[in-house]
Each structure stands twice: as structure tokens, then as C-alpha cells.
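Summary of the model geometry
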Amino acid sequence: MGLLSTLHKNLVIIVNFIFPPVAPWREVRKMGTPRCHRCGYPFEVPVGIEIQVCVNCQGVSWYLDRAFSCYYFDGEVRTSILEFKYHRKFYWRSLLGKGLIEGFRDEFSDISFDALVPVPLHSSKQRDRGFNPIHAIEV
Ligand SMILES: [Zn+2]
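Residues numbered from 1 in each chain as written. Predicted model: local features only at pLDDT ≥ 70, side-chain atom pairs only at ≥ 80, totals over all residues. Heavy atoms only, no water.

Right, let's talk about the overall build of the protein for a bit. Within the protein one finds five helices and zero strands. What you see in the protein, going N to C, is helices and strands ordered as α-α-α-α-α. The C-alpha radius of gyration of the protein comes to 20 Å, more than 25% above the 14 Å expected for a compact globule of 139 residues. The C-alpha extent of the protein, read off along each of the three principal axes, is 70 × 35 × 30 Å. Here the protein holds 139 residues, and 22% of them are scored as buried. Contacts spanning at least 24 positions in sequence make up 65% of the contacts within the protein whose residues lie at least 6 apart. Per element, the accessible surface of the protein, about 10800 Å² overall, is 58% carbon and sulfur. Across the protein, the centroid of the 17 positively charged side chains sits 9 Å from that of the 14 negatively charged ones. (Helix = DSSP H or I, 4+ residues; strand = E, 2+ residues; numbered from the N terminus. Rg over C-alpha atoms; globule rule 2.2 N^0.38 Å. Buried < 20%, exposed > 50% of the residue type's maximum accessible area, 1.4 Å probe, protein only. Contact = heavy atoms within 4.5 Å. Areas by Shrake-Rupley, 256 points an atom, 1.4 Å probe, with all protein chains shown as cover. Lys, Arg positive; Asp, Glu negative; His and termini not counted. Charge placed at Lys NZ, Arg CZ, Asp CG, Glu CD.)

This part covers the coordination of the zinc ion. Protein-derived coordination of the zinc ion comes from Cys 36 (SG), Cys 39 (SG), Cys 54 (SG) and Cys 57 (SG), at a distance range of 2.3 to 2.4 Å. Coordination at the zinc ion is tetrahedral, judged from the four donor atoms that bind it and the angles of 106 to 112 degrees they form at the metal. Along the chain, the residues that donate to the zinc ion are spaced as C-x2-C-x14-C-x2-C. With respect to class, Cys 54 is no different from Cys 57; both count as buried. (Donors = N, O, S within 2.8 Å, 3.2 Å for Na, K, Ca; no water. Tetrahedral: all angles 85-135°; square planar, octahedral: opposite > 155°, others 65-115°.)

What follows is about the environment of Gln 126. Secondary-structure assignment places Gln 126 in helix α4 (residues 123-129). Distance in space between the C-alpha atoms of Gln 126 and Phe 84 is 14 Å, their sequence separation being 42 residues. Setting aside residues up to four positions removed in sequence, Gln 126 forms contacts with Leu 121, Phe 131 and Asn 132.

Among the nonpolar cores identified, the biggest contains eleven residues, and these are Trp 25, Cys 70, Tyr 71, Val 77, Phe 84, Trp 92, Leu 95, Leu 96, Phe 131, Ala 136 and Ile 137. Secondary structure elements with two or more residues in this core: α2 (75-87) and α3 (93-108). The residues contacting Phe 131, other than those within four sequence positions of it, are Phe 84, Lys 85, Arg 88, Phe 90, Leu 121, Gln 126 and Ala 136. (Core = buried A, V, L, I, M, F, W, Y, C linked by side-chain atoms within 4.5 Å.)

Attention now moves to a nonpolar patch on the surface. On the surface, Leu 3, Leu 4 and Leu 7 cluster together into a nonpolar patch covering about 370 Å² of accessible area. Relative to the helices and strands, Leu 4 is located in helix α1 (residues 3-18). For Leu 4, a relative accessible area of 69% puts it in the exposed group. (Patch = residues over 30% accessible without salt bridge, like charges linked within 9 Å, V, L, I, M, F, W, Y side chains within 5 Å. Salt bridge = Lys/Arg side-chain N within 4 Å of Asp/Glu carboxyl O.)

Glancing now at the domain arrangement of the protein. Looking at the assigned domains, one finds that the protein contains domain 1 (30-69) and domain 2 (73-139). Between domain 1 and domain 2, the C-alpha centre-to-centre distance is 22 Å. Between domain 1 and domain 2, the residue contacts involve four residues of the former and seven residues of the latter. Both sides together, the interface formed by domain 1 and domain 2 hides about 470 Å², and carbon and sulfur atoms give 46% of it. Per-residue buried area on domain 1 facing domain 2 is highest for Lys 30, Arg 66 and Phe 68; these three make up 87% of the total on that side. Across the salt bridge formed by Lys 30 and Asp 106, the nearest N and O atoms sit 3.3 Å from each other. Taken together, the connections running from domain 1 to domain 2 amount to four residue pairs in polar contact (both at pLDDT 80 or more). Looking at the side of domain 1 that touches domain 2, its residues break down into one nonpolar, no polar and three charged. (Domains from an automatic or database assignment. Buried area = accessible area lost by both parts, 1.4 Å probe. Polar contact = N/O pair within 3.5 Å; in protein donor to acceptor, adjacent residues only side chain to side chain. Nonpolar A, V, L, I, M, F, W, Y, C, P; charged D, E, K, R; others polar.)

Listed below in C-alpha cells is the structure:
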């Protein structure tokens, strides 16, 4: 085994120690339908009745046209998001980025748009965390 091969092998061991590879989520609950066309919250709709928005959004004026979640915030999804945001476990960024892309494609495959704009993080939150999670996501 040559010197470069040995160095590469040791470098991989070190990188995997610092940024352990993560397995894909095993238990993911994707948001299904029906759900509110405004806030994305899933709710039961009686068969034969066409309801577009949930009771929380009816008659409420929002500053956005639409919101959605890719997944339920529980299980491994919840764990990875919380570890990433609050414990600086950046090895989740690739999986979280892939999840966002996949969810976004599923949700908006029939819509044309010009830009995707992340919600800015408040400066006090960024100061508390020491980083902006949206800048750390790997897509
Ligand atoms: Zn709603």
C-alpha cells in the first residue's frame, strides 16, 4: 500500500469520525392529503365535500400565499432537525437538503416559479445559534 493510499484511508477515517455518515431516515411520515391549501395542515374532509382551507385559516388574512411541510415533525425527522439546528450536528445537512428537495418537487411539480426565497433568520436567533441553518443546508 502506497503512502498516498494510506493517507487517503486515514483521512477518510478522520472525516467519518468528525462527520459520521448518516443512514437515510427509516421512519418518515410524509404529509399526505387532504390538507389545508393555505397552511398545509392535514385535516379530515368528509367524502364529497370540497374544502380548501382548514378552520384555522378560514377568514384569516395571511402574509403569505401558501405554506407546506414535507414531513411530520416526529421520529427521526424531528431528531435530525433538532440536532442540526440546536446542537450543530452538521452531518445531517445532506439528508435534510435531499429531504427538502424531494418534498419541494413533490409539492410543486405542477407549478412554475422564478425563485425560492428562504425565510430570513432573525439576527438574535443567528447570534444565539452562531450560524444560519439555511446556509448550512447542503442541496
Ligand atoms: Zn390552514
